[in-house]
Amino acid sequence: MNITIGNEYQADPHAGEIKIRLENEDDRYPVEVLTREAFWNLYRPGCDEHYTAHVIRSHEDFLPDLTFVAEVDMQIVGSIMFTRSWVIDELGKKVETATFGPLCVHPAWQRRGVGSALIEHARKLAAQKGYPAILILGDPHNYCRHGFRTGKDMGVSMLDGRYPLGLLVLELRPGFFASGQPWKLQTSAAYEFETAQVEAYDARFPPKEKKFQYSQELFSMLVRAVVE
Ligand SMILES: CC(C)(COP(=O)(O)OP(=O)(O)OC[C@H]1O[C@@H](n2cnc3c(N)ncnc32)[C@H](O)[C@@H]1OP(=O)(O)O)[C@@H](O)C(=O)NCCC(=O)NCCS
């Protein structure tokens, strides 16, 4: 696969169309390299999202039919990966929903519509497959323009009853959340792992310097913020 790593990777202003296609087995390492580049030092010194990508693929909750790469001129420049999640009502009724993460675009290709194209493509497919909603934990800045709304306004909390700022809901089946009945989101256990496992896995990749960036401070505020 023709993907260049790190600073050598230059966006070509004459590049062709963005092509979205399903991720296949050959894409696995290039996608992890891309994911590491996109997240490195963004939310913490280093990152764990490339390990997340690695572990969710073999997890029972992985949704390969909704996991896409974006290609420009045969180079993978973006990735969106999905797992199943659930919303649970007060009577214990559990409805399967879809959750994405990691979502990333190579830094050289950001702000050109690749991320939006991945979200829109996956949204259409998830709706066709009958999922009532996509629920994520992410930065609202990236998602509100795609129609995501705060969990608080949709009546969806985390299992512990909190409404984190990052809990975002995109209704696919119109009116699914309209009754106002409360739901709780259960995300996949695929996202739960130990830091030591990340460190060991990261050693397989070329060395990269871990350092502080102010985006980490913003992220630490985001993950603690709740909606009243
Ligand atoms: C978040 C992320 C996936 C978005 O991907 P992207 O390809 O940059 O997204 P888009 O280009 O569709 O949109 C990003 C911005 O560029 C703007 N944009 C899109 N096409 C553009 C163009 N041709 N010219 C100028 N701006 C453009 C969008 O309006 C949007 O603006 P906004 O930030 O003011 O809302 C990407 O920035 C990324 O990988 N970040 C690091 C990893 C990460 O944080 N992932 C999400 C975890 S919550």
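Scroll up to find the structure.
Residues numbered from 1 in each chain as written. Predicted model: local features only at pLDDT ≥ 70, side-chain atom pairs only at ≥ 80, totals over all residues.

### Here's the deal with the overall build of the protein chain
Part 1 of the reasoning: Scanning the protein chain from terminus to terminus reveals 7 helices and 9 strands.
Part 2 of the reasoning: The C-alpha extent of the protein chain, read off along each of the three principal axes, is 55 × 35 × 30 Å.
Part 3 of the reasoning: Each of the 228 residues in the protein chain was classed as buried or not, and the buried ones make up 34%.
Part 4 of the reasoning: In the protein chain, the share of contacts with a sequence separation of at least 24, taken over all contacts with a separation of at least 6, comes to 72%. (Helix = DSSP H or I, 4+ residues; strand = E, 2+ residues; numbered from the N terminus. Buried ≥ 20, exposed ≤ 12 C-beta atoms within 10 Å, placed from the backbone. Contact = placed C-beta atoms within 7 Å.)

### A look at the nonpolar core
Part 1 of the reasoning: Core analysis: the biggest nonpolar cluster contains 48 residues, and Ile80, Phe100, Leu118, Ala122, Ile134, Val156 and Val169 have the highest contact counts within it.
Part 2 of the reasoning: Of all the elements, strand E3 (residues 75–89) adds the most residues to this core, at 6 residues.
Part 3 of the reasoning: If we ignore the near neighbours within four places in the chain, the residues touching Val169 are Ala133, Leu135, Phe148, Arg149, Gly151, Met154, Val156 and Phe177. (Core = buried A, V, L, I, M, F, W, Y, C linked by C-beta atoms within 7 Å.)

### Observations regarding the packing of helix H1 (residues 28–39) against helix H2 (residues 49–57)
Part 1 of the reasoning: Running from N to C, H1 and H2 cross one another at 150 degrees; their axes reach a closest spacing of 7 Å. Across from Arg28, Val31, Glu32, Thr35, Arg36 and Phe39 in H1, the residues of H2 making contact are Glu49, His50, Ala53, His54 and Arg57.
Part 2 of the reasoning: Here the residues of the contact of H1 with H2 sort into 3 nonpolar, 3 polar and 5 charged. (Axes fitted to C-alpha atoms, helices over the stretch in contact; angles between N-to-C directions. Nonpolar A, V, L, I, M, F, W, Y, C, P; charged D, E, K, R; others polar.)

### Regarding the environment of Lys184
Part 1 of the reasoning: Along the polypeptide, Lys184 turns up in strand E9 (residues 183–186).
Part 2 of the reasoning: For Lys184, a count of 18 C-beta atoms within 10 Å corresponds to the partly exposed category.
Part 3 of the reasoning: Between the C-alpha atom of Lys184 and that of Val156, which follows or precedes it by 28 residues, the distance is 5.3 Å.
Part 4 of the reasoning: Discounting chain neighbours no more than four positions away, the residues touching Lys184 are Val87, Ile88, Ser157, Met158 and Leu159.

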